[in-house]
Amino acid sequence: NFLSPVGAITVRLARALRGFFHPAARHELLWDLTQAPALLTRTHHIEDQGRRRIVEEVLNHFEAEVLPQLKLERAQIIHNDVDGLNTLVDGNRVTGVIDFGDLIHAPLVCDLAVPVAMLICDHPDPIAAAAEIMAGYHARLRAPACHRDP
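Residues numbered from 1 in each chain as written. Predicted model: local features only at pLDDT ≥ 70, side-chain atom pairs only at ≥ 80, totals over all residues. Heavy atoms only, no water.

K.L.:
Residues and numbers for the pairing of strand 2 (residues 87-90), please.
P.N.:
The side chains of a regular strand alternate, first on one face of the sheet and then on the other. Both strand 2 and strand 3 (residues 93-97) contribute to a ladder of 4 bridges, which runs antiparallel. What sits directly across from threonine 87, in strand 3, is valine 97. Where strand 2 folds back onto strand 3 in an antiparallel hairpin, the turn is made up of 2 residues, including glycine 91, whose phi is positive at roughly 70 degrees. (Pairing = 2+ DSSP bridges. Helix = DSSP H or I, 4+ residues; strand = E, 2+ residues; numbered from the N terminus.)

K.L.:
Describe the pattern of salt bridges, listing the residues and the values that go with them.
P.N.:
Scanning all chains against the criterion turns up 1 salt bridge. With its nearest N and O atoms 3.4 Å apart, the salt bridge here joins arginine 53 to glutamate 57. Here arginine 53 pairs with glutamate 57, and both are found in helix 2 (residues 49-70), just 4 residues apart, close to one helical turn. Judged by relative accessible area, which is 47%, glutamate 57 ranks as partly exposed. (Salt bridge = Lys/Arg side-chain N within 4 Å of Asp/Glu carboxyl O. Buried < 20%, exposed > 50% of the residue type's maximum accessible area, 1.4 Å probe, protein only.)

K.L.:
Got a sec to walk through helix 4 (residues 126-142)? Specific residues and values, please.
P.N.:
Taking 1.5 Å of rise per residue, 17 residues should cover 24 Å, and helix 4 covers 24 Å from first to last C-alpha, within 8% of that figure. The elements touched by buried residues of helix 4 are helix 1 (3-17) and helix 3 (108-119). (Expected span 1.5 Å × (residues − 1). Contact = heavy atoms within 4.5 Å.)

K.L.:
Just give me the short version of the nonpolar core, but keep the residues and values in it.
P.N.:
Counting residues in each nonpolar core, the largest one holds 31 residues, and the members touching the most others are Ile78, Val82 and Ile133. At the level of secondary structure, the elements contributing two or more residues to this core comprise helix 1, helix 2, strand 1 (75-78), strand 3, strand 4 (104-107), helix 3 and helix 4. Per-element accounting of this core gives the leading share, 7 residues, to helix 1. Setting aside anything within four residues of it in sequence, one finds isoleucine 133 in contact with Leu3, Gly7, Leu112, Pro115, Val116 and Leu119. (Core = buried A, V, L, I, M, F, W, Y, C linked by side-chain atoms within 4.5 Å.)

K.L.:
Explain unusual backbone geometry to me, using residue names and the numbers behind them.
P.N.:
Phi is positive for asparagine 80, which is not a glycine, with a value near 70 degrees. Phi at aspartate 99 is positive, roughly 65 degrees, even though this residue is not glycine. Among the secondary structure elements, aspartate 99 is positioned in the loop between strand 3 and strand 4. Taking the relative accessible area as the measure of exposure, aspartate 99 reaches 35% and is therefore partly exposed.

K.L.:
Account for the side chain of asparagine 80, with residues named and values stated.
P.N.:
The residue asparagine 80 is located in the loop between strand 1 and strand 2 in this model. Using a relative accessible area of 2% as the deciding quantity, one classes asparagine 80 as buried. Dropping the residues within four chain positions of it, asparagine 80 is found in contact with Leu29, Trp31, Asp102, Ile104, Cys110, Asp111 and Val114.

K.L.:
Give a description of the side chain of aspartate 81 that names residues and reports values.
P.N.:
Summarising the element assignment, aspartate 81 is placed in the loop between strand 1 and strand 2. The side chain of aspartate 81 is buried and forms no salt bridge, while arginine 42, the nearest opposite charge, is found at 17 Å. (Lys, Arg positive; Asp, Glu negative; His and termini not counted.)

Dropping the structure here:
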């Protein structure tokens, strides 16, 4: 399957973007994990009060516990949208990534969070799928950069 190669392409893309910066990369984006607490102002749109309360608890926990740690991680411009819709695949081989409209300056780990979150949803074993994506990511991360891997 293509889960491990999706992890690997995420690293390749991060390496290619290393050193690139643009002032617009710090724009407001609803799916920027570093800006997740701002979603608290939108929870009133969740009609079911039980679900709204759960979402608010998660966002409050994220703001208090996760975000301070996330801000300590290495950050750079990231693609922020490597998922099934933006990944070009030939069989089980990932041949490219499209849609650079969600580029942001954020911790590198956020770039890995997107394919994990998006590609495990419909998988029969979401934990195994997440592990496979992360294994591909870490294998490529440990591998030396080559002429095709900036």
